[in-house]
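# Report on the structure
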Amino acid sequence: MQARAPLMIEHRLIERMISVIKHSLTQIESTQEVDPVFVDTAVDFIRIYADRTHHGKEEDILFRDLGKRDLSAQDQRVMQELIDEHVFGRRTTQALVDANARYRNGDETALADIISRLRTITEFYPEHIEKEDKVFFPSCRAYFNDDEDQAMLKEFREFDQKMIHEKYKAVVDGLDTG
Ligand SMILES: [Fe+2]
Ligand SMILES: [Fe+2]
């Protein structure tokens, strides 16, 4: 298995979640109501899976190693775009969290913000994923020999192993105020 395989498999689950959000958006718009717990679940998926676990491997391992290579101007430009898009995703998710809190507090203007942020997420991710799957990942493979690619795959596995522990430590940290 090549190192990019797990990243591409993760893209497929992110795409499924994007479809779920799209479907919910239709309902939210027709009823003019949202279940804030659905938003919490979507945010948890985006933050812990799509951002920390998936973008984490891209940024902390793949992009880090690419940073030590002599990238073409085109590859360098696309990598910077991807990094900027990760930042944009984080900002959009934070704005969604803020709007959801306002909605829970009865702010009537919050629903429009929730809808707009959810829509941004459904538009931004598929384009980002396509750029990685079809353009960037195939082109970066040339910067690594087979051993280097396998070393990256191993590091991806080790990174993943930490995630479940990090997630539930954060849950307990959040609850344990004593
Ligand atoms: Fe990415
Ligand atoms: Fe990705």
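Placed above this text is the structure.
Residues numbered from 1 in each chain as written. Chains lettered and ligands numbered in written order. Predicted model: local features only at pLDDT ≥ 70, side-chain atom pairs only at ≥ 80, totals over all residues. Heavy atoms only, no water.

### A closer look at the coordination of the iron ion (ligand 2)
Rules: Donor criterion used throughout: N, O or S atom within 2.8 Å of the metal, extended to 3.2 Å for Na, K and Ca. Water excluded; incomplete-looking sites may result. By the criteria applied here, four donors are tetrahedral when all angles lie between 85 and 135 degrees, four are square planar and six octahedral when opposite donors are over 155 degrees apart and every other angle lies between 65 and 115, and any other arrangement is irregular.
Note on the iron ion (ligand 2): its protein donors are H11 (NE2), H54 (NE2), E58 (OE) and E132 (OE). The metal-donor distances range over 2.0 to 2.2 Å. What the 4 donor atoms of the iron ion (ligand 2) show is an angle range of 82 to 167° at the metal, which sorts the shape as irregular.

### Details of the nonpolar core
Counted only if it meets this: Among buried residues, those of type Ala, Val, Leu, Ile, Met, Phe, Trp, Tyr and Cys that are joined through side-chain atoms within 4.5 Å constitute a nonpolar core. Accessible area is worked out with a 1.4 Å probe on protein chains only. A residue is then buried under 20% of its type maximum, exposed over 50%, and partly exposed in between. Where helices and strands are cited, they refer to DSSP runs of H or I of at least four residues and of E of at least two residues respectively, numbered from the N terminus. Pairs of residues are marked as contacts when any of their non-hydrogen atoms sit within 4.5 Å.
Judged by nonpolar contacts, the single largest core of 23 residues is most densely connected at I14, I21, L96, I114, L118, I121 and Y125. Those elements that provide at least two residues to this core are helix 1 (4–31), helix 2 (36–66), helix 3 (73–104) and helix 4 (110–140). The leading source of residues in this core is helix 4, at 8 residues. Once residues lying within four places of it in the same chain are set aside, the contact partners of I14 are F45, Y49, A50, H54, Y125 and I129. Core analysis: the second largest hydrophobic core is formed by 20 residues, A3, L66, V78 and L153 among them.

### A look at the packing of helix 2 against helix 5 (residues 146–175)
Filter applied, for reference: Each axis is a line fitted through C-alpha atoms, taken for helices only over the stretch in contact, and angles between the N-to-C directions span 0 to 180 degrees. Any angle between 65 and 115 degrees counts as roughly perpendicular, while under 35 counts as roughly parallel, over 145 as roughly antiparallel, and the rest as oblique. Handedness of a helix crossing follows the sense of rotation of the near helix relative to the far helix, less than a right angle counterclockwise being left-handed and clockwise being right-handed. Residue polarity is assigned by list, with Asp, Glu, Lys and Arg as charged and Ala, Val, Leu, Ile, Met, Phe, Trp, Tyr, Cys and Pro as nonpolar; anything else, Gly included, falls into the polar class.
Taken N-terminus to C-terminus, the directions of helix 2 and helix 5 make an angle of 150°; their axes are 10 Å apart at the nearest point. Here helix 5 runs roughly antiparallel to helix 2, going by the angle between their axes. In terms of crossing hand, the pair formed by helix 2 and helix 5 is right-handed. The segment helix 2 lies against helix 5, with D44, I48, R52, T53, G56, K57, D60, I61, L62, R64 and D65 engaging M152, E155, F156, F159, D160, M163, E166 and K167. Of the residues assigned to the contact of helix 2 with helix 5, the class counts are 7 nonpolar, 2 polar and 10 charged.

### Points about the pattern of salt bridges
Should their charged atoms come close, side chains of opposite charge can pair. Inclusion rule: In the sections that follow, a salt bridge refers to a side-chain nitrogen of Lys or Arg positioned within 4 Å of a carboxyl oxygen of Asp or Glu.
This model, assessed by the stated rule, comprises 24 salt bridges. Across the pair D149 and R141 runs a salt bridge, and its minimum N-O distance is 3.7 Å. Each of R64, D65, K68 and E155 takes part in one network of salt bridges that share partners.

### Regarding the packing of helix 2 against helix 3
Where helix 2 contacts helix 3, the axes come no closer than 11 Å and their chain directions differ by 160°. The orientation of helix 2 with respect to helix 3, classified from their angle, is roughly antiparallel. Along this stretch, helix 2 crosses helix 3, giving a crossing that reads as left-handed. Across the contact of helix 2 with helix 3, the residue classes tally to 13 nonpolar, 5 polar and 7 charged.

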